[in-house]
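# Observations on the model geometry
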Amino acid sequence: MKTTIEQLEFPSVLKSKLNKYINTSKINIEYLNGSIIKLSNTNLGVINPHKVIVSNTKPFLVGYVYDNEEYIYIKEVNEKMAISKFITCINSLM
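Residues numbered from 1 in each chain as written. Predicted model: local features only at pLDDT ≥ 70, side-chain atom pairs only at ≥ 80, totals over all residues. Heavy atoms only, no water.

## Here's the deal with empty space enclosed by the protein
Evaluated as defined, the whole model comprises one cavity of 30 Å³ or more. The space that makes up the largest cavity amounts to roughly 30 Å³. Taken together, the residues of the lining of the largest cavity break down into five nonpolar, three polar and one charged. (1 Å grid on protein atoms, 1.4 Å probe; cavity = no way out; pocket = protein on both sides within 12 Å on 5 of 7 lines; lining within 4 Å. Points joined across faces, edges and corners; volume = space filled by probe spheres on them. Nonpolar A, V, L, I, M, F, W, Y, C, P; charged D, E, K, R; others polar.)

Quick look at the structure:
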């Protein structure tokens, strides 16, 4: 079975919002593009979400962004978080 991988571009609106409101002088933010993996001759596909990696000397928080740019999913706390709450949490940790 053949698979095709379609790269998705990280949402620029979300990236600019995070860069604007998070104090990046103390931390680093890395944005990784997501992808869609399609299986040929089927109607199945897998979505690999965009990732936001927040770190200082080592990564300490990874957020996943799907099509909906209003929420970031945090694996460690097993919940979705509004972008504004995510920004507040990151700024309060620094």
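## A short note on unusual backbone geometry
Its identity as a non-glycine residue notwithstanding, Asn-41 has a phi of 65°, on the positive side. You can see Asn-41 is positioned in the loop between β3 (35-39) and β4 (45-48). (Helix = DSSP H or I, 4+ residues; strand = E, 2+ residues; numbered from the N terminus.)

## Remarks on the nonpolar core
Counting residues in each nonpolar core, the largest one holds 18 residues, and the members touching the most others are Leu-18, Ile-22, Val-52, Val-54, Phe-86 and Ile-90. For this core, the elements supplying multiple residues, two or more each, are α1 (12-21), β2 (28-32), β5 (50-55), β6 (59-65), β7 (71-74) and α2 (83-93). Residue contributions to this core peak at four residues, all from α2. (Core = buried A, V, L, I, M, F, W, Y, C linked by side-chain atoms within 4.5 Å. Buried < 20%, exposed > 50% of the residue type's maximum accessible area, 1.4 Å probe, protein only.)

## A word on the sheet that holds strand β1 (residues 3-7)
Pairing in this open sheet of three strands is antiparallel, and the strands run β1-β3-β4 from one edge to the other. Edge positions in the sheet fall to β1 and β4, since each has one partner strand and no second. The average angle at which neighbouring strand axes cross in this sheet is 15°, direction not considered. One ladder, built from four bridges, connects β3 with β4; its direction is antiparallel. Among the inter-strand pairings, Ile-37 is bridged to a residue of β4, identified as Val-46. (Pairing = 2+ DSSP bridges. Axes fitted to C-alpha atoms, helices over the stretch in contact; angles between N-to-C directions.)

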